[in-house]
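Structure assessment
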Amino acid sequence: MLPTLNGRIQTRIFMLVVFGGLITLVLTPILPGDPDYRTTYLILAAVLVLGVLWELVYHAIQQLRWEKDWPTMFGLITALNEGALVWLLLDLELVPGIDYPYDGVPFWAFFIDFSVIWLVIWIWTNGPMRVPFIRWRFFGGRII
C-alpha cells in the first residue's frame, strides 16, 4: 500500500522530531561556526513546518502521475528544493525566533546538519523501518 497524504505527514513529523532531534543534538557541538542549540532546533522546526506544506505540493503533483505514486529516488532529490527554501528563508531573515542579523549558522553547518538528517531519515524510512514496523505500510504510512 502506498503511504497516504496523512500517513506521509505523520511519518515526516515523527521522523524529524525523533531522528532530526537526536541528530541535531549530536551534530550541533561539532558543526562549523559553533552554532547554538536554540538556532539549530529553530531551523529544524522550520524544516518541519515547511515540510508539511511541501507534502501538500507533492500530493498535488502525484495526482498528475498515472500511478499516483512518488518514486523512491524523488524522495531523496526533494532535499534539494526543501533545503534551498529553508536556506533562502534564513538568508531573507524570515525564520521566526532566530536572532538577526543572521550569523548563527554558516552555510556549511546548515548543509551538513540538513544533509545528514535527510539522508538518515530517507535511508531509515526506505529500508530498516519496514522490518519492525510492517503494519506501517499497510496503514498507508499512518502512525495512528
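Scope of this entry: the structure provided in the associated data block. (Residues numbered from 1 in each chain as written. Predicted model: local features only at pLDDT ≥ 70, side-chain atom pairs only at ≥ 80, totals over all residues. Heavy atoms only, no water.)

Once that is clear, we can look at the environment of Pro 32. With respect to the secondary-structure elements, Pro 32 resides in the loop between helix H1 (5–27) and helix H2 (37–62). Sequence spacing of Pro 32 and Phe 107 is 75 residues, and the spatial spacing of their C-alpha atoms is 9.0 Å. Dropping the residues within four chain positions of it, Pro 32 is found in contact with Pro 106, Trp 108, Ala 109 and Ile 112. (Helix = DSSP H or I, 4+ residues; strand = E, 2+ residues; numbered from the N terminus. Contact = heavy atoms within 4.5 Å.)

On to the packing of aromatic side chains, then. Per the counting criterion, the structure on display carries ten aromatic pairs. Geometrically, the ring pair formed by Tyr 37 and Tyr 41 is stacked, given 6.3 Å between the ring centres and 25 degrees between the ring planes. Residue Tyr 37 and its partner Tyr 41 are located together in helix H2, separated by four residues, close to a single helical turn. Owing to a relative accessible area of 36%, Tyr 37 belongs among the partly exposed residues under this scheme. With a centroid separation of 5.2 Å and an interplanar angle of 75 degrees, the aromatic rings of Phe 107 and Trp 108 are classed as edge-to-face. Look at Phe 107 and you get partly exposed, because its relative accessible area is 35%. In this structure Trp 108 comes out as exposed when scored by relative accessible area, which is 52%. Taken together through their ring pairs, the aromatic side chains of Trp 87, Phe 107, Trp 108, Phe 110, Phe 111, Phe 114 and Trp 118 make up a single cluster. (Phe/Tyr/Trp six-rings, centres within 6.5 Å; stacked < 30°, edge-to-face > 60°. Buried < 20%, exposed > 50% of the residue type's maximum accessible area, 1.4 Å probe, protein only.)

Among the nonpolar cores identified, the biggest contains 26 residues, and Leu 16, Ile 43, Val 86, Leu 90, Phe 110, Phe 114 and Ile 117 are the most heavily contacted of them. Within the residue set of this core, elements represented by two or more residues are H1, H2, helix H3 (72–91) and helix H4 (107–126). Per-element tally for this core: the top contributor is H2, with seven residues. (Core = buried A, V, L, I, M, F, W, Y, C linked by side-chain atoms within 4.5 Å.)

As a further point, take the pattern of salt bridges. Oppositely charged side chains can pair when the atoms bearing their charge come close. If you walk through the whole model with that rule in mind, you get three salt bridges. The closest approach of N and O atoms between Arg 12 and Glu 55, which form a salt bridge, is 3.0 Å. Of this pair, Arg 12 sits in helix H1 while Glu 55 sits in helix H2, and the two are 43 residues apart along the sequence. A relative accessible area of 12% means that Arg 12 is categorised as buried. Put simply, Arg 8, Arg 12, Glu 55 and Glu 82 are held in one network by salt bridges that share partners. (Salt bridge = Lys/Arg side-chain N within 4 Å of Asp/Glu carboxyl O.)

Turning our eyes to something else, we now look at the packing of H3 against H4. Viewed as axis vectors pointing N to C, H3 and H4 meet at an angle of 155 degrees, and their least axial separation amounts to 10 Å. Considering the angle they form, H3 stands roughly antiparallel to H4. H3 and H4 meet at a crossing whose hand is right-handed. Residues Thr 72, Gly 75, Leu 76, Thr 78, Ala 79, Glu 82, Gly 83, Val 86, Trp 87 and Leu 90 of H3 form the contact with H4, whose participating residues are Phe 107, Phe 110, Phe 114, Trp 118, Leu 119, Trp 122 and Asn 126. For the contact of H3 with H4, the class distribution of residues is eleven nonpolar, five polar and one charged. (Axes fitted to C-alpha atoms, helices over the stretch in contact; angles between N-to-C directions. Parallel < 35°, antiparallel > 145°, perpendicular 65-115°, else oblique. Left-handed = near helix turned anticlockwise from the far one by under 90°. Nonpolar A, V, L, I, M, F, W, Y, C, P; charged D, E, K, R; others polar.)

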